[in-house]
Amino acid sequence: MDRKRKEATLASLYDKYFDKIAGYVFVRLGNRAIAEDLAGEVFLKALESLDSYNERGIPMQSWLFKIAHNLVIDYRRKEFRREVVPIDSVQIADDTDIQEMAETSVERERVSKALDQLTPEQRQVIELRFFGELTSDETGKVLNKKSGAVRQMQSSALKSLRRILDADSGSGL
Amino acid sequence: MLDNFESILDMCIDRINRGDSIEDCLVDYPEYEDELEPLLKSMFSIKGSYSFVPQASAKQAAWQRFSASLRESERAQERSVLPLPWILGKARTWAIAATIVIIALAGYFGITQLLPPGVIPPDETGNFAFYISDEQNAIGDFQSLDLSISKVRLYKEDGGWVEFVPETKEVDLTKLQGDLALQVWRGDIPQGKYTGIFLYVTRASGILGNNNGKVDIVITGNKLHLDMPFEISDAPLTEFVYDMTVIAASGSGYNLQPVKDESGTGNGIKIQKVNGQGQGPGSGQARGSELGQDQGQYQEQQQGQVEVKDQGQYQEQQQGQVEVKDQGQYQEQQQGQVEVKDQGQYQEQQQGQVEVKDQGQYQEQQQEQSIGKHQGKYQEQEQEQGIGEDEGQYQEQVQVSGSGSEQAQGPG
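Definitions and cut-offs
- The written sequence of each chain sets the order in which its residues are numbered from 1.
- Throughout, the order in which chains and ligands are written sets their labels, letters from A for the former and numbers from 1 for the latter.
- Per-residue local features are limited, in this predicted model, to residues with pLDDT of at least 70; the limit for side-chain atom pairs, both in listing and counting, is 80 or more; totals at the level of whole chains, interfaces and linings are taken over all residues.
- Working from all heavy atoms in the structure, the side-chain values ignore hydrogens and water.
- Helix and strand definitions here come from DSSP, where helices need a minimum of 4 consecutive H or I residues and strands a minimum of 2 consecutive E residues; each element is numbered from the N-terminal end.
- Relative accessible area decides the class of each residue, using a 1.4 Å probe on protein chains only: under 20% of the type maximum gives buried, over 50% gives exposed, and in between gives partly exposed.
- We call two residues contacting when some pair of their heavy atoms lies within 4.5 Å.
- Areas reported as accessible are Shrake-Rupley estimates using a 1.4 Å probe. Residue values count occlusion only from the protein chains shown.
- Residues belong to a common nonpolar core when they are buried Ala, Val, Leu, Ile, Met, Phe, Trp, Tyr or Cys residues joined through side-chain atoms within 4.5 Å.
- Two parts placed together each lose some accessible area; with a 1.4 Å probe, that loss summed over both constitutes the buried area.
- One speaks of a salt bridge when a side-chain nitrogen belonging to Lys or Arg is within 4 Å of a carboxyl oxygen belonging to Asp or Glu.
- Here a polar contact is recorded for every N or O atom pair within 3.5 Å, except that within protein the pair must consist of a potential hydrogen donor and a potential acceptor, and residues adjacent in sequence are included only if both atoms are side-chain atoms.
- Here the nonpolar group is Ala, Val, Leu, Ile, Met, Phe, Trp, Tyr, Cys and Pro; Asp, Glu, Lys and Arg are the charged ones; every other residue, Gly included, is treated as polar.
- Strand pairing follows a simple DSSP-based rule, namely that at least 2 bridges must link the two strands.
- Each residue carries a pLDDT value, the predictor's own confidence for that position, ranging from 0 to 100.
- Definitions used throughout: a 1 Å grid over protein atoms alone; a cavity as a set of points that fits a 1.4 Å probe which cannot get out; a pocket as an open set with protein on both sides within 12 Å along at least five of seven lines; a lining residue as one with an atom within 4 Å of a point.
- Grid points are joined across faces, edges and corners, and a volume is the space filled by probe spheres set on the points.
- Aromatic contacts are taken between Phe, Tyr and Trp rings whose centres are within 6.5 Å, Trp giving its six-membered ring; a plane angle under 30 degrees counts as stacked, one over 60 as edge-to-face, and the others as tilted.
- The rule is short: NZ of Lys or CZ of Arg within 6 Å of the ring centre and within 35 degrees of the ring normal puts a charge over the ring.
- Expected span of a helix, by definition, is 1.5 Å for each gap between consecutive residues, and there is one gap fewer than residues.
- Note on bend: the value at a residue is the angle between axes fitted to the seven residues ending there and to the seven starting there.
- Any cysteine sulfur atom paired with another within 2.5 Å is treated as part of a disulfide.

In this section: the overall build of chain B. In terms of helices and strands, chain B carries 6 helices and 21 strands. For chain B, the proportion of its 412 residues judged to be buried stands at 45%. Considering only intrachain contacts with a sequence separation of at least 6, the fraction spanning at least 24 residues in chain B is 49%. For chain B, the computed accessible surface area is about 20,800 Å², with 47% contributed by carbon and sulfur atoms.

This brings us to the nonpolar core. Of all hydrophobic cores here, the largest spans 73 residues; its most connected members are Leu10, Ile21, Val25 and Phe43 of chain A together with Leu36 and Leu40 of chain B. Once residues within four sequence positions are removed from consideration, Ile21 of chain A is found in contact with Ala39, Val42, Phe43, Leu64, Phe65 and Ala68 of chain A. Counting 41 residues, the second-largest nonpolar core is a separate cluster that includes Leu154, Val201, Leu224 and Phe230 of chain B.

Moving on, we come to the interface of chain A and chain B. Counting residues at the interface gives 58 residues for chain A and 55 residues for chain B. Together, the buried faces of chain A and chain B total about 5,100 Å²; carbon and sulfur atoms form 61% of this surface. Scanning the region where chain A abuts chain B turns up 8 salt bridges. Salt-bridge contacts for Asp19 of chain A lead to Lys59 of chain B; the nearest nitrogen and oxygen are separated by 3.2 Å. There are 17 residue pairs in polar contact (both at pLDDT 80 or more) connecting chain A and chain B. At the level of secondary structure, the elements contributing two or more residues to the side of chain A that touches chain B comprise α1 (3–29), α2 (32–48), α3 (60–78), α4 (98–116), α5 (120–131) and α7 (147–169) of chain A. At 13 residues, α1 of chain A tops the list of elements feeding residues into the side of chain A that touches chain B. The class makeup of the residues in the side of chain A that touches chain B is 26 nonpolar, 10 polar and 22 charged.

So, on to the pairing of strand β4 (residues 161–164) of chain B. Each regular strand carries side chains that alternate between the two faces of the sheet. Residue and element names in this part refer to chain B. Here β4 shows a buried face lined by Trp161 and Glu163 and a second buried face lined by Val162 and Phe164. Pairing geometry for strand β3 (residues 142–156) and β4, over 4 bridges, is antiparallel. Bridging from a neighbouring strand, Tyr155 pairs with Trp161 of β4. Counting the residues between successive antiparallel strands, the hairpin from β3 to β4 contains 4 residues, one of them, Gly159, with a positive phi of roughly 105°.

Before going further, it helps to spend a moment on the confidence of the model for chain A. Confidence in the prediction for chain A averages 85 pLDDT; 83% of positions are at 70 or higher. Note on residues 86–90 of chain A: pLDDT is under 50 here. Beyond four places in sequence and across chains, it has 4 contacts.

Looking at the second largest pocket, its volume works out to about 840 Å³. Contributing to the lining of the second largest pocket are 33 residues, with Leu44 and Glu48 of chain A together with Lys151, Arg153 and Glu163 of chain B lying nearest its centre. Broken down by class, the residue content of the lining of the second largest pocket amounts to 13 nonpolar, 8 polar and 12 charged.

It is worth spelling out the packing of aromatic side chains at this point. Evaluation of the coordinates by the stated rule reveals 26 aromatic pairs over all chains. Between Tyr14 of chain A and Trp63 of chain B, the ring centres sit 4.9 Å apart and the planes meet at 55°, which makes this aromatic pair tilted. Residue Tyr14 of chain A is located in helix α1, and its partner Trp63 of chain B is located in helix α4 (residues 56–80); the two belong to separate chains. Here Tyr14 of chain A falls in the buried class, since its relative accessible area comes to 4%. Its relative accessible area of 28% is what places Trp63 of chain B among the partly exposed residues. Ring centres of Tyr24 of chain A and Phe65 of chain A lie 5.4 Å apart, and the angle between their planes is 70°; this geometry places the pair in the edge-to-face category. A residue pair is termed long-range when its members are at least 10 positions apart, and Tyr24 of chain A in helix α1 and Phe65 of chain A in helix α3 qualify at 41 residues. Residue class for Tyr24 of chain A comes out buried when judged on its relative accessible area of 2%. Grouping aromatic residues by their ring pairs yields a cluster made of Phe128, Phe130, Phe164, Trp185, Tyr194, Phe230, Phe240 and Tyr242 of chain B. Sitting over the face of the ring of Tyr50 of chain B, Arg108 of chain A holds its NZ or CZ atom 5.6 Å from the ring centroid.

Because an α-helix completes one turn every 3.6 residues, residues spaced three or four positions apart along the sequence face the same direction. Residue and element names in this part refer to chain A. Here α3 spans 27 Å end to end across 19 residues, near enough to the 27 Å set by a 1.5 Å rise per residue. Within α3, the full set of buried residues consists of Met60, Gln61, Ser62, Trp63, Leu64, Phe65, Ile67, Ala68, His69, Leu71, Val72 and Tyr75. Those residues of α3 that are buried lie in contact with α1, α2, α5 and α6 (136–143).

Moving on: the confidence of the model for chain B. All names here are of chain B. When pLDDT is averaged along chain B, the result is 68; 54% of the residues meet or exceed 70. Between the elements of chain B, mean pLDDT differs from a low of 34, seen in strand β13 (residues 287–288), to a high of 94, seen in helix α1 (residues 5–17). The model gives residues 276–412 a pLDDT under 50, and that stretch makes 300 contacts with residues more than four places away or in other chains. Reported confidences for the modelled complex are a pTM of 0.45 and an ipTM of 0.86.

To continue, consider α1 of chain A. All names here are of chain A. For α1, with 27 residues, the first-to-last C-alpha span of 33 Å runs short of the 39 Å given by 1.5 Å per residue. The sharpest bend along α1 comes to roughly 60°, located at Asp15. Remark: Gly30 follows α1 within two positions and exhibits a positive phi of approximately 75°.

A complete count under the given rule lists 25 salt bridges over all chains for this structure. One salt bridge connects Lys47 of chain B with Glu133 of chain A, and the closest N-O pair in it is separated by 2.9 Å. Taken together, the positions of Lys47 of chain B in helix α3 (residues 33–49) and Glu133 of chain A in the loop between α5 and α6 put the pair across two chains. Residue classification places Lys47 of chain B among the buried residues on the basis of a relative accessible area of 18%.

Right, let's talk about the environment of Ala61 of chain B for a bit. Tracing the sequence through the fold places Ala61 of chain B in helix α4. Ala61 of chain B sits 98 residues away from Gly159 of chain B along the chain, and the two C-alpha atoms are 9.5 Å apart.

This brings us to the side chain of Gln122 of chain A. Residue and element names in this part refer to chain A. You can see Gln122 is positioned in helix α5. Reaching out from Gln122, the side chain makes a polar contact with the side chain of Ser156 at a distance of 3.1 Å. Once residues within four sequence positions are removed from consideration, Gln122 is found in contact with Met153, Ser156 and Ala157.

Residues and elements named next belong to chain B. Across all of its chains, the model carries 0 disulfides over all chains by this definition. With no disulfide of its own, Cys12 lies 3.6 Å from the sulfur of Cys25, the closest cysteine sulfur. By relative accessible area, Cys25 is classed as buried at 0%.

Below, the structure written as structure tokens:
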């Protein structure tokens, strides 16, 4: 694929995958502003590295998530363990239900703790499948695993998550 | 028909990602309903807890940056296209010519400074000078705070951008506090209206005072975005100050953020230009009267006798007699007699007699007599007789002659 076609393909993926990449980064870092920022950075990085992309290797959307994964790691390396949120980046819409926000936050904390109890590979599969919404084939390309291995990991991960969340809440989800 | 549960679960996950409901999947696989339903409900709940839709404005802004980069990439490709048959016919000639061009470019820019296409090269006579400065907040916590700046992008009102690589890439913000600003680049920028600046930072770390160790500074996305309209006109020089500040965050972290109020090109933006902190062209404007022998930049308003032998940059407003033999930078507002033999950087506002022989950096506001010989960095606010007794926050080892010795670290 020549450069121009690669650029056209990358541009065509923007609208659909910006949201998915932002969602993937959000679940990993927990900060909306950073998720939006890094999602934009993924496409810029992809454009810079486009000459090194080989379409016969992995699908371009999988490649974008590899870039996103690396950017998240880079970000974490420079970050303190405690997450810092600049006060002016916290925006609450006028019509937001504060109680609903609080409940969501509690639920998110519960799910986050459950995800922490998975193996790193299981967690990556869940993050890419559920939040990046990649297929198991595309996920396998990102993680250098066969799609059969991905399906196996997502099944065991989901069963583990259900057990953990059931035990935590005392009732089924 | 698939009889592998994991494959069926995989397909249902794809369908839910595409917007199908749990019921839609269960209808198609009734024999697996008991196993599937609880897992799909867990998936639904997990996705819902992290439900996130990016803001339209953020997505649009990112698209503008991406499409601007895309256009620049296309222009770069057009510039690199050469007629192929003629090249093949003149291969040897082109090889020689290309070698000459590369050698010339390497010599002009320096072999390590060949710039990628689309990046504006520096020019000492250019119409735009870019400065870095620091607004004091938590900077006093640091002995040094180093930034590595890889590039700067100026965004145009029409959606495009221009980019340059600073000639001075490494800056220590502790040396650029208040009005002090360091020129990191000068060159020719296209005239027009601009909407903001991104400063790309590859490294930001500091060493806390009192040997409290090294800390990394948080910068979101490794770049600082200053959302500020400005214009580059046909004036010979537009000077832009990019002011930033480090603030203590929750816990033990620090954030670095641009400061809009202290940034820009307006007349209200004060610049005390710093020399010698790195490479790059030095530009200075001497304002005020000159007495003595000095090198550098200064602003001097004085009444009285003064003998100045200094190198560096200072702002001096004094009434009275002063003998200054210093190297470095200082801001001095004093009334009375002062004998200063210091090296380093300080801000001194004093009334009364002071004899200071110090090396390092300090901020001193005193209203009484102070005899001190200090080494190190401190902030001193004293209203009593200051002989080894000071209030405020500092990190230093102070030895005061004739009054015993004082060694203190941390908040006093």
